[in-house]
Amino acid sequence: MRAPLLAPLLLLALARAVAAGDPDPMNDDPVRRLLTAEHRHVRPVDARLRGALEDGVRRSATLAQLVRTLDQSDVIVYLETVAGMHPSVAGRMILAGASAGPRYLRIQIAPRYRGDELTALIGHELRHALEVAQSPQVRDDASLIALYRTIGHSGGETPGTGEGSHHRYDTMAARHTGRLVLTELRG
(Lines give C-alpha, C1' and ligand atoms only; values in the text may rest on other atoms or scores of the structure.)
Protein backbone atom coordinates (compact mmCIF):
# COMPACT_ATOMS: atom_id res chain seq x y z
CA MET A 1 0.00 0.00 0.00
CA ARG A 2 2.98 2.33 -0.33
CA ALA A 3 2.06 3.38 -3.87
CA PRO A 4 -1.01 5.47 -2.91
CA LEU A 5 1.17 7.44 -0.50
CA LEU A 6 4.01 7.87 -2.97
CA ALA A 7 2.42 10.53 -5.20
CA PRO A 8 1.47 12.91 -2.35
CA LEU A 9 4.92 12.50 -0.78
CA LEU A 10 6.68 13.27 -4.06
CA LEU A 11 4.45 16.29 -4.59
CA LEU A 12 5.18 17.48 -1.05
CA ALA A 13 8.93 17.13 -1.62
CA LEU A 14 8.70 19.05 -4.89
CA ALA A 15 6.59 21.79 -3.25
CA ARG A 16 9.09 22.08 -0.37
CA ALA A 17 12.01 22.40 -2.76
CA VAL A 18 10.23 25.12 -4.71
CA ALA A 19 9.10 26.94 -1.53
CA ALA A 20 12.63 26.85 -0.14
CA GLY A 21 13.89 28.64 -3.22
CA ASP A 22 15.68 25.53 -4.41
CA PRO A 23 15.66 25.61 -7.39
CA ASP A 24 15.31 28.99 -8.99
CA PRO A 25 14.28 28.99 -12.60
CA MET A 26 17.41 28.57 -14.63
CA ASN A 27 19.17 31.23 -16.67
CA ASP A 28 20.36 30.59 -20.21
CA ASP A 29 23.60 28.66 -19.55
CA PRO A 30 22.20 25.97 -17.21
CA VAL A 31 19.12 25.63 -19.45
CA ARG A 32 21.28 25.16 -22.51
CA ARG A 33 23.51 22.59 -20.77
CA LEU A 34 20.59 20.64 -19.30
CA LEU A 35 18.47 20.62 -22.46
CA THR A 36 21.27 20.00 -24.96
CA ALA A 37 23.45 17.52 -23.08
CA GLU A 38 24.21 14.39 -25.06
CA HIS A 39 22.64 12.12 -22.45
CA ARG A 40 19.70 14.34 -21.43
CA HIS A 41 16.52 12.60 -20.34
CA VAL A 42 13.89 15.07 -21.58
CA ARG A 43 14.09 15.30 -25.38
CA PRO A 44 11.70 17.49 -27.36
CA VAL A 45 11.61 16.33 -30.97
CA ASP A 46 10.17 19.46 -32.55
CA ALA A 47 11.08 23.14 -32.37
CA ARG A 48 7.74 24.24 -30.90
CA LEU A 49 8.04 21.97 -27.86
CA ARG A 50 11.76 22.65 -27.51
CA GLY A 51 11.06 26.39 -27.34
CA ALA A 52 8.20 25.95 -24.85
CA LEU A 53 10.32 23.71 -22.63
CA GLU A 54 13.33 26.06 -22.70
CA ASP A 55 11.14 29.07 -21.92
CA GLY A 56 9.32 27.19 -19.18
CA VAL A 57 12.48 25.96 -17.47
CA ARG A 58 13.76 29.55 -17.39
CA ARG A 59 10.52 30.89 -15.88
CA SER A 60 9.14 28.06 -13.71
CA ALA A 61 11.01 26.62 -10.74
CA THR A 62 8.63 23.66 -10.73
CA LEU A 63 9.28 22.77 -14.36
CA ALA A 64 13.03 23.24 -13.88
CA GLN A 65 12.96 20.83 -10.93
CA LEU A 66 10.95 18.26 -12.89
CA VAL A 67 13.51 18.31 -15.70
CA ARG A 68 16.43 18.07 -13.25
CA THR A 69 14.80 15.16 -11.40
CA LEU A 70 13.96 13.27 -14.59
CA ASP A 71 17.53 13.81 -15.76
CA GLN A 72 18.69 11.77 -12.75
CA SER A 73 16.26 8.91 -13.42
CA ASP A 74 16.25 5.86 -15.70
CA VAL A 75 13.42 7.36 -17.78
CA ILE A 76 14.04 8.94 -21.19
CA VAL A 77 11.16 11.18 -22.27
CA TYR A 78 10.49 12.22 -25.87
CA LEU A 79 8.13 15.19 -26.28
CA GLU A 80 6.31 15.39 -29.60
CA THR A 81 3.44 17.26 -31.18
CA VAL A 82 0.84 14.86 -32.58
CA ALA A 83 -2.00 16.01 -34.79
CA GLY A 84 -5.17 13.98 -34.96
CA MET A 85 -5.50 13.02 -31.32
CA HIS A 86 -9.03 12.71 -30.00
CA PRO A 87 -10.42 16.25 -29.36
CA SER A 88 -10.85 15.53 -25.66
CA VAL A 89 -7.13 14.72 -25.25
CA ALA A 90 -4.66 17.56 -24.63
CA GLY A 91 -1.69 15.32 -24.03
CA ARG A 92 -0.85 11.74 -23.27
CA MET A 93 2.05 9.61 -22.16
CA ILE A 94 2.89 6.29 -23.77
CA LEU A 95 5.42 3.75 -22.57
CA ALA A 96 7.48 3.35 -25.71
CA GLY A 97 9.84 0.69 -24.49
CA ALA A 98 11.67 -0.69 -21.51
CA SER A 99 14.61 -2.95 -21.01
CA ALA A 100 16.83 -3.85 -18.12
CA GLY A 101 18.21 -0.34 -18.60
CA PRO A 102 16.38 2.85 -19.47
CA ARG A 103 12.63 3.13 -19.87
CA TYR A 104 11.39 5.22 -22.79
CA LEU A 105 8.28 7.38 -22.68
CA ARG A 106 6.60 9.37 -25.42
CA ILE A 107 4.66 12.42 -24.36
CA GLN A 108 2.37 13.51 -27.13
CA ILE A 109 0.87 17.01 -27.11
CA ALA A 110 -2.02 18.22 -29.26
CA PRO A 111 -0.96 21.08 -31.58
CA ARG A 112 -3.77 23.43 -30.48
CA TYR A 113 -1.93 24.62 -27.33
CA ARG A 114 0.32 27.68 -27.31
CA GLY A 115 2.23 29.89 -24.92
CA ASP A 116 1.91 29.43 -21.18
CA GLU A 117 -0.88 26.85 -21.57
CA LEU A 118 1.44 24.68 -23.68
CA THR A 119 4.23 24.97 -21.13
CA ALA A 120 1.87 24.13 -18.24
CA LEU A 121 0.65 21.09 -20.20
CA ILE A 122 4.26 19.97 -20.64
CA GLY A 123 4.69 20.31 -16.86
CA HIS A 124 1.56 18.25 -16.28
CA GLU A 125 2.77 15.47 -18.58
CA LEU A 126 6.33 15.55 -17.20
CA ARG A 127 4.80 15.02 -13.74
CA HIS A 128 3.32 11.80 -15.12
CA ALA A 129 6.80 10.87 -16.38
CA LEU A 130 8.13 11.45 -12.86
CA GLU A 131 5.41 9.17 -11.48
CA VAL A 132 6.71 6.44 -13.79
CA ALA A 133 10.33 7.23 -12.89
CA GLN A 134 9.48 6.76 -9.22
CA SER A 135 7.88 3.37 -9.98
CA PRO A 136 10.61 0.96 -11.10
CA GLN A 137 8.10 -1.86 -11.58
CA VAL A 138 6.59 -0.05 -14.59
CA ARG A 139 8.14 -1.79 -17.59
CA ASP A 140 5.16 -2.56 -19.83
CA ASP A 141 1.61 -1.41 -20.56
CA ALA A 142 0.07 -3.69 -17.93
CA SER A 143 2.29 -2.35 -15.13
CA LEU A 144 1.71 1.23 -16.34
CA ILE A 145 -2.06 0.73 -16.16
CA ALA A 146 -1.70 -0.92 -12.74
CA LEU A 147 0.26 2.10 -11.48
CA TYR A 148 -2.42 4.55 -12.60
CA ARG A 149 -5.22 2.40 -11.23
CA THR A 150 -3.43 2.77 -7.89
CA ILE A 151 -2.37 6.44 -7.90
CA GLY A 152 -4.80 8.00 -10.34
CA HIS A 153 -8.36 8.13 -11.46
CA SER A 154 -9.72 6.79 -14.72
CA GLY A 155 -11.34 8.76 -17.47
CA GLY A 156 -12.23 5.62 -19.42
CA GLU A 157 -10.80 4.90 -22.83
CA THR A 158 -10.36 7.17 -25.82
CA PRO A 159 -10.70 5.84 -29.35
CA GLY A 160 -7.24 5.72 -30.86
CA THR A 161 -6.02 7.39 -33.98
CA GLY A 162 -3.56 4.95 -35.39
CA GLU A 163 -2.45 3.27 -32.17
CA GLY A 164 -5.65 1.61 -30.95
CA SER A 165 -7.58 2.69 -27.91
CA HIS A 166 -5.85 4.43 -25.03
CA HIS A 167 -6.64 4.21 -21.36
CA ARG A 168 -7.20 7.61 -19.81
CA TYR A 169 -5.86 8.25 -16.33
CA ASP A 170 -4.90 11.38 -14.48
CA THR A 171 -3.54 12.19 -11.06
CA MET A 172 -4.15 15.06 -8.69
CA ALA A 173 -0.37 15.55 -8.55
CA ALA A 174 -0.16 16.12 -12.32
CA ARG A 175 -3.12 18.49 -12.26
CA HIS A 176 -1.59 20.43 -9.39
CA THR A 177 1.77 20.56 -11.15
CA GLY A 178 0.22 21.97 -14.33
CA ARG A 179 -1.60 24.66 -12.32
CA LEU A 180 1.56 25.48 -10.35
CA VAL A 181 3.65 25.84 -13.52
CA LEU A 182 0.97 28.09 -15.04
CA THR A 183 0.91 30.25 -11.89
CA GLU A 184 4.70 30.59 -11.93
CA LEU A 185 4.70 31.51 -15.62
CA ARG A 186 2.11 34.19 -15.10
CA GLY A 187 3.93 35.53 -12.05
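Remember, predicted model here, so these are calculated numbers, not experimental data. (Residues numbered from 1 in each chain as written. Predicted model: local features only at pLDDT ≥ 70, side-chain atom pairs only at ≥ 80, totals over all residues. Heavy atoms only, no water.)

### Some points on the packing of helix α5 (residues 115-133) against helix α6 (residues 141-151)
Then comes step 1: The geometry of α5 relative to α6 is characterised by a closest axis approach of 11 Å and an angle of 105° between their N-to-C directions. Taken together, the axes of α5 and α6 lie roughly perpendicular to each other. Residues H128, E131 and V132 of α5 pack against L144, L147, Y148 and I151 of α6.
Then comes step 2: Each residue belonging to the contact of α5 with α6 can be placed in one class, and the counts come to five nonpolar, one polar and one charged. (Axes fitted to C-alpha atoms, helices over the stretch in contact; angles between N-to-C directions. Helix = DSSP H or I, 4+ residues; strand = E, 2+ residues; numbered from the N terminus. Parallel < 35°, antiparallel > 145°, perpendicular 65-115°, else oblique. Contact = heavy atoms within 4.5 Å. Nonpolar A, V, L, I, M, F, W, Y, C, P; charged D, E, K, R; others polar.)

### Section: the packing of α5 against helix α7 (residues 172-186)
Then comes step 1: In the contact formed by α5 and α7, the axes pass within 8 Å of each other and the chain directions differ by 145°. Of the two possible hands of crossing, α5 and α7 adopt the one that is right-handed. Within the contact between the two elements, α5 uses D116, E117, T119, A120, G123, H124, R127, H128 and E131 and α7 uses A173, A174, R175, T177, G178, V181, L182, L185 and R186.
Then comes step 2: When its residues are assigned to classes, the contact of α5 with α7 shows six nonpolar, six polar and six charged. (Left-handed = near helix turned anticlockwise from the far one by under 90°.)

### Quick look at the side chain of T177
Then comes step 1: Here T177 lies in helix α7.
Then comes step 2: Given the relative accessible area of 1%, T177 is considered buried.
Then comes step 3: In this structure the side chain of T177 is engaged in a polar contact, spanning 2.8 Å, whose partner is the backbone oxygen of A173. (Buried < 20%, exposed > 50% of the residue type's maximum accessible area, 1.4 Å probe, protein only. Polar contact = N/O pair within 3.5 Å; in protein donor to acceptor, adjacent residues only side chain to side chain.)

### Some words on the confidence of the model for the chain
Then comes step 1: Chain-level pLDDT for the chain is 83 on average; 75% of the residues reach the 70-or-more range.
Then comes step 2: The weakest mean pLDDT in the chain belongs to helix α1 (residues 2-19) at 45; the strongest belongs to α5 at 98.
Then comes step 3: pLDDT under 50 marks residues 1-22. Its contacts with residues more than four places away, or in other chains, come to 21 contacts.
Then comes step 4: With pLDDT under 50 throughout, residues 158-165 is counted as low confidence; its partners more than four residues away or in other chains account for 19 contacts. (pLDDT = per-residue confidence, 0-100.)

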